[in-house]
Structures are given as C-alpha cells and as structure tokens.
Amino acid sequence: MRRISRRDFVKAVGLTSVAGAIGLPMISRSAGSTAQIVVVGGGYGGATAAKYLKRYVPNSDVVLIEKNTDYYSCVFSNEVLSGESSMESIKFTYEGLAKRTINVVHALATEIDPNKKQVKTSMGKAFNYDYCVLSPGVSFNWGVIEGYDEAAAEKMPHAWKAGPQTVLLRKQLESMKDGGVVMIVAPPNPYRCPAGPYERAAQIAHYLKYHKPRGKVIIMDSKHTFTKQTLFMDGYKKHYGDMIEWRSPVDGGKVIGVDVDAGTLITDSDEYKPAVANVIPPQRAGELALKVDLADDSGWCPVDQRTFESKKYDDIFVIGDAADAGEMGKSGYGASSHAKICAAAIAARITGIEQPEPSYLNTCYSLITPEHAISVAMVYKLNDKGTIVGVEGAGGTSPRYAPEWVREREANYARGWFKNMTSDAFG
Amino acid sequence: MKKKLFAVVFCFFFCGMAWAASNEAQSLSVPCAGCHGSEGASKGEIPVIGGLSKVYLEATMKNYKNEVRYSTVMTRIAQGYSDQQIAAIGEYFSNQPWIPGSQEINASMAKRGEKLHMEKGCAGCHGAVGISSIATVPRLAGQYARYLFYQMADYQDPDKPISAAARPMRGMLAGLSDDDLEALAHFYASQK
C-alpha cells in the first residue's frame, strides 16, 4: 500500500488551505485528502466498496455508514437454519475495515441531499461527500401479500436479512413437532439471492431428516420456474425423497395473503395452516434508495452500468441488490463485483486516469447437504448499449448428471468461497 | 464546479501512482477474489493462486478454457475470457506475494508423504519441498491439501482430460492409492 510521501504531504496541506478559501466543506476532511467518499451500507457491496476505494485512492477519506456493529451474512445463513452453521460463523465485524483507516460510523443514514452533497445520519451528524456510494440492499414490499407486514414477520419470519429473523426461524423449526409442515413462500423475480429459497428448502429438510423425519417442506411459489431448478429437484429427491414439494402457481403455489393470528397462508383457492410459515415477501431497493428517489417504477435503481453512478443524481453511485445491473442476478458475490468496478470508476474520476473496461463476475454455490453442492457462474461484460450481459459461451450451472464426488468437491469449494468472499469484504 | 476541477487537477498529479498503470489487469483480476481470496491468497479450500508463475497461471486458465483440464467450475468461468485477458490475469496474480493456505496438517501423513515424494522422484520437477524453479511447474508448498488431492486424483483418472504438459503426471502417479495421494498432499501442504 502506498504511503503519502513528504512531497505530496506538503502539496496536500497547500491544497487544504486553498480549498478552505474556496469553500470546500471542512468537516471530517483530513489534511491531504483528495476526496471525501461516503459509503452507505456495510453489506458485501458497501464493505467491499469501502475497502477497494481506500486501496485505489489511499489519500481519500472513506467513511462507511452502517447502523449495525455486527454484520450477519445472508450467504450461509440457510446453513444456520439446518444447524450445520452457527450465528457466530456468519457474523463479521468492521474492525478489519477500521484498521484500513476507513472511518466506520455506526449510525443510520437517514437522508442524502444530492444538492448539498451530504449524508445525514440518525446521530445528528452529517457527512459531506464528493462521491457517495449507496449499497442499501433490499427492502420489502409489505402488503403485496395481504396481511404480511413488519409486525407479521415477527410471527411468520422472512429470515431474508440475516440476524434476529434467522434466529427466530431456527427457533420455530426447533420447537416444531415431528410431522409438521414447513411452508416457504418464495418471492417473485427479481429478488435477493435467486437460489436462496431453494437452498433453504434443502437445508430445512436436512434438519428435519435427522430430527423430525415425518416433517415436510412445501415451497409455495409465485414463479413458474427457478434457478438451477433441475439440479435442485434432483438433489431434493436424492437426499430427501418426497420430503420437499415445490408448488408452482399452476399447482396453487401462489400465496396472496396471510392471516397472522390464525397462522394461515391464503391462496386463490385454499387456506393452509403450516406448523412453520417462512414468508419471503416481494422486494425492491433498500429504503434509503427509495427515500432519496434513486429508484424508478420498477422499484430498483437505474445506474450507468459502467460506473454504477445513479441515472438520477450525479456523484451518487448505487451498487449491490438495489441496483439494476442488467443481466446480473442479485447476490453477495455480484454486489462485491459491482463494488470493485464502482471503486475503480470513482478512482478514475478522482485521478483523471481512464477507467479500465469493467469485468463482472458472479459465482454462487448452494448446499443441498453438507456434501452436496451445486453452483452457477457467469462472466459478464458491457455490451455496446451499455448493458451488462453474460459473455457468450461462458458460465452456466453444474452438470445435471454428475457423480457424488463432483457434488462433494463443490461443497468443499462452497466453504472456501464463503471464507474468501467474506474476508475480501471485511478482512 | 471550481472545486471539482481543482480536485481533478490536483489528483491527476498526486494520486495517479496509487491508481496503478496496470488497471486493465487489475479490473479483470479483482473479481476472482470472491473465490480465490484477496490478491489470490485464498483463506480456505480453493487453491491459492497469488504468487504462482505467470506461465503456469496462463497455461492453466487456457487449459480450462480449452477443456484439457478438469475443474468443477473453472472450465465454465475460463470461457468468459480472451487469451489476452487470460495473459493479463496471469500477470496480475503472478505479481502477488505467495501466502500459504491456512489449514490443519496431519503430521504423520505429511511424513509419509515426504517419503513418497523422495521415493517417487517428485523432487526432480517439483523441487525438494514442492517449490520448483521451472516456470511451467506449479508451486505445491503451502497449497491446500484437499485441492492437491483432487488434482492428483484427476491426473490418475483416464477419463479426465489432461494437457500435454501434465501428461507425465499420469505415469508418475500410477499405482498410488488414495491414501498415498492424501499423504503427498499433506506433505506439500505442510511446506511453506
């Protein structure tokens, strides 16, 4: 890592005094800083962005605003539901980023003023920025499933943001009687982690198989197909027999409402009372993005897919699940890929050196058992219309017909992937 | 506007150095960290690639791309890059420091592996401790044991594709049991 030389330092101090004269906001700007960058949201996207921004532009001030002091990873949180992993194993702190001289501020970012170029926080302090990177994740479209709101999620957990919700769902599974039915309501596209609900079904079945063998998992889906479908269905059958059932809308899988007090899920034609209801609601960009009007009618944030700069406001960049990133699905790995490109774009802006051609990548593993994983991977590029598209001939899923050792290797690599993705973001 | 221009001019002169010249290679390579670790220094299971030779890295990616080497996922990923991009990625990771994997080593297995390593003459190409001076021969010292095991098992498997450069490995490993391969893997993994 480059350190600031004495010569640079003298120049930098020179700038600071001039900057003061022309009215640069002085609050929080340290001597010698070339740019004030505020990153909002400390998930895979935000944490990676902060780290790579500091790496690419060491003499910038990078502030990371994140309300929680601990981060619980959604990736591998399904393995907490099965009991194969613990909450501790998916917990990460921001100490690694703080050591890299990123100013980690634990507060809720309440507002962004694109004119004043300022992020306001719940602790009263506002942060001025030259560039703002917003990685707000997703928020839930409460009420689309009638009766399902924030309060309902305390009884019928979504567990789609890891943390207390994960713990709650795990507890419900633990206290369920043998023979109970777990219903997972899978959300419509697009949503965070396309494979997530289906990996979850397998992980819950894995728990039931050894603890409540008469139990059953039913996936209630509003989609007609889903990612890695044949690989999941084959895996379900192989390891769990008839324990997992998937219902498409044609089979009456579309849930349109809930009655929280009665504990029921409501479809067009029926009403079900599962022992455990895991309702994953429809999603859109994180709340702050909506509040700042960074999203369009789709609920997601349109960005210049080369830089991730918002199409609505200059110098605000939106990355991760909240961004419309062309053909890229919404995943932690994808968010981290956005973050690095966005950091490079901002570094290019600051230094005046041209941004390199962006290269995007996604690799996602799903565990059907601890020894059976499947993956999907894709390399992406920007097409001449400025849209992120998959590179022809690249990527794809694990093969359908493969011996057990292939699945086992992928399960081993899935664990390495988790270690590396998290240490790349938080380490 | 004025301050923006000022900042841009200032930065052009003074922070350009950190924003390195080999931007293109960096842009292609940093996304690999999600699986292979930051700068290719994998923290677990997936092979360490930072600090391997450029020749080996480039050949390996091309082997995956041309499907003359088996991999669960790399054959799919390598298709996404041109030969020039592969060369740039190889260059980038070869310029990173080698940081050995963090793993538990079975000492008695490693000891048995060392014996096999000597007896079979592996040192001829792979060096006394799994560090070769030949650019086409990968470093094994400090690599992840399980990955090394997979790789050796693949070389033994007549149904798996094998590159011309790796073909001697099939003969070298002929007749070795899975236990032998595991012992060898632990020996190399135990070296730093």
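Residues numbered from 1 in each chain as written. Chains lettered and ligands numbered in written order. Predicted model: local features only at pLDDT ≥ 70, side-chain atom pairs only at ≥ 80, totals over all residues. Heavy atoms only, no water.

Participant: Just to check I follow, could you spell out the overall build of chain B for this structure?
Facilitator: Check the secondary structure of chain B and you find 11 helices and 0 strands. In chain B, the succession of α and β elements from N to C terminus is α-α-α-α-α-α-α-α-α-α-α. When burial is assessed residue by residue, chain B has 53% of its 192 residues classed as buried. Within chain B, counting contacts between residues at least 6 apart in sequence, those at least 24 apart form 68% of the total. For chain B, the exposed area adds up to about 8,800 Å²; of that, 59% sits on carbon and sulfur atoms. (Helix = DSSP H or I, 4+ residues; strand = E, 2+ residues; numbered from the N terminus. Buried < 20%, exposed > 50% of the residue type's maximum accessible area, 1.4 Å probe, protein only. Contact = heavy atoms within 4.5 Å. Areas by Shrake-Rupley, 256 points an atom, 1.4 Å probe, with all protein chains shown as cover.)

Participant: Would you take a moment to explain a negative patch on the surface for this structure?
Facilitator: A cluster of acidic residues, D149(A), E150(A), E154(A) and E287(A), forms a negative patch on the protein surface. Here E150(A) lies in the loop between β10 (138-140) and α5 (164-175). (Patch = residues over 30% accessible without salt bridge, like charges linked within 9 Å, V, L, I, M, F, W, Y side chains within 5 Å. Salt bridge = Lys/Arg side-chain N within 4 Å of Asp/Glu carboxyl O. Lys, Arg positive; Asp, Glu negative; His and termini not counted. Charge placed at Lys NZ, Arg CZ, Asp CG, Glu CD.)

Participant: Help me understand the pairing of strand β12 (residues 216-221) of chain A in this model?
Facilitator: Strand residues, when the strand is regular, have side chains that alternate between the two faces of the sheet. Residue and element names in this part refer to chain A. Taking burial as the measure, the 6 residues of β12 include 5 buried ones, the bulk of the element. Sheet topology places strand β11 (residues 181-186) next to β12; 6 bridges connect them, and they run parallel. When the bridges of β12 are listed, M183 appears paired with I218. What joins β11 to β12 is helix α6 (residues 196-211), and the crossover it makes is right-handed. Relative to strand β13 (residues 244-247), β12 runs parallel, the two sharing 4 bridges. Bridge pairing links V217 to I244 in β13. Handedness of the crossover joining β12 and β13 through helix α7 (residues 229-240) is recorded here as right-handed. (Pairing = 2+ DSSP bridges. Right-handed = clockwise from strand over helix to strand, strands pointing away.)

Participant: Explain the domain arrangement of chain A to me, please; I cannot follow it from the model alone.
Facilitator: Residues and elements named next belong to chain A. Here chain A is partitioned into domain 1 (6-67 + 106-139 + 284-356) and domain 2 (143-282). Domain 1 and domain 2 are separated by 36 Å when their C-alpha centres are compared. Contacts between the two partners involve 6 residues from domain 1, matched on the other side by 7 residues from domain 2. Taken together, both faces of the contact between domain 1 and domain 2 bury some 560 Å²; the carbon and sulfur share is 52%. Among the residues domain 1 hides against domain 2, the three largest losses belong to V138, W300 and K330. Together they make up 67% of the total. Run the count over domain 1 and domain 2 and you get 1 salt bridge. Residues R192 and D321 are paired through a salt bridge, measuring 2.6 Å at the closest nitrogen-oxygen approach. Seen at the junction of domain 1 and domain 2, the total is 3 residue pairs in polar contact (both at pLDDT 80 or more). Grouping the constituent residues of the side of domain 1 that touches domain 2 by class yields 2 nonpolar, 2 polar and 2 charged. (Domains from an automatic or database assignment. Buried area = accessible area lost by both parts, 1.4 Å probe. Polar contact = N/O pair within 3.5 Å; in protein donor to acceptor, adjacent residues only side chain to side chain. Nonpolar A, V, L, I, M, F, W, Y, C, P; charged D, E, K, R; others polar.)

Participant: I tried to follow the packing of aromatic side chains on my own but got confused; where do I start?
Facilitator: Describing an aromatic ring pair means giving the distance of the ring centres and the angle of the ring planes. All names here are of chain A. Evaluation of the coordinates by the stated rule reveals 22 aromatic pairs over all chains. Summarising the aromatic geometry, the rings of F76 and F418 are spaced 4.5 Å apart at their centres and angled 20° between planes, so their arrangement reads as stacked. Remark: F418 occurs in helix α10 (residues 404-426) and F76 occurs in the loop between β3 (70-72) and α3 (78-82); sequence separation between them is 342 residues. Judged by relative accessible area, which is 10%, F76 ranks as buried. Judged by relative accessible area, F418 falls into the buried class, the value being 8%. Relative to W246, the ring of F226 lies with its centre 5.2 Å away and its plane at 65°, an arrangement referred to as edge-to-face. Here F226, found in the loop between β12 and α7, pairs with W246, found in strand β13; they are 20 residues apart in sequence, far enough to count as distant. (Phe/Tyr/Trp six-rings, centres within 6.5 Å; stacked < 30°, edge-to-face > 60°.)

Participant: Hey, could you run me through the domain arrangement of chain B in this one?
Facilitator: Many analyses report the size of an interface as the accessible area lost when the parts associate. All names here are of chain B. Here the domain parsing of chain B yields domain 1 (23-94) and domain 2 (107-190). Look at where the C-alpha atoms of domain 1 and domain 2 centre, and you get two points 21 Å apart. On the domain 2 side, the residues contacting the 16 residues of domain 1 number 13 residues. Both faces considered, domain 1 and domain 2 share a buried interface measuring about 1,300 Å² in area, 59% of it formed by carbon and sulfur atoms. Sorting the residues of domain 1 by area buried against domain 2 places Y56, R69 and Y70 first, and these three jointly supply 36% of that buried surface. Linking domain 1 with domain 2 are 0 salt bridges, by the criterion used here.

Participant: Looking at this structure, how should I read the nonpolar core?
Facilitator: Within soluble globular proteins, side chains that are nonpolar tend to cluster in buried spots. Among the nonpolar cores identified, the biggest contains 137 residues, and I37(A), V133(A), F308(A) and W417(A) are the most heavily contacted of them. Aside from chain neighbours lying at most four places away, what touches W417(A) is V75(A), F76(A), Y333(A), T363(A), C364(A), Y365(A), G34(B), C35(B) and I46(B). M176(A), A186(A), A195(A) and A202(A) belong to the second-largest nonpolar core, a separate cluster that totals 33 residues. (Core = buried A, V, L, I, M, F, W, Y, C linked by side-chain atoms within 4.5 Å.)

Participant: I tried to follow the side chain of T72(B) on my own but got confused; where do I start?
Facilitator: For T72(B), the position within the fold is in the loop between α4 (54-65) and α5 (74-78). With sequence-adjacent residues up to four places away left out, T72(B) is seen in contact with V406(A), R409(A), E410(A) and Y413(A).

Participant: Before we go on, may I ask you to explain the sheet that holds strand β16 (residues 271-272) of chain A in this structure?
Facilitator: Strand pairing in a sheet relies on backbone hydrogen bonds, with the paired strands running either antiparallel or parallel. Residues and elements named next belong to chain A. If you trace the 3 strands from one edge of the open sheet to the other, you get β14-β15-β16, paired in antiparallel fashion. Either end of the sheet is taken by a strand with one partner, and the two such strands are β14 (255-259) and β16. Relative to β16, strand β15 (residues 264-267) is paired through 2 bridges, and the arrangement is antiparallel. Counted as the bridge partner of L265 is Y272 from β16.

Participant: How should the environment of V129(B) be read in this particular structure?
Facilitator: Residues and elements named next belong to chain B. On the secondary structure map, V129 appears in the loop between α8 (123-126) and α9 (145-156). Taking the relative accessible area as the measure of exposure, V129 reaches 33% and is therefore partly exposed. Counting along the chain gives 45 residues from V129 to A174, while the straight-line C-alpha distance between them is 21 Å.

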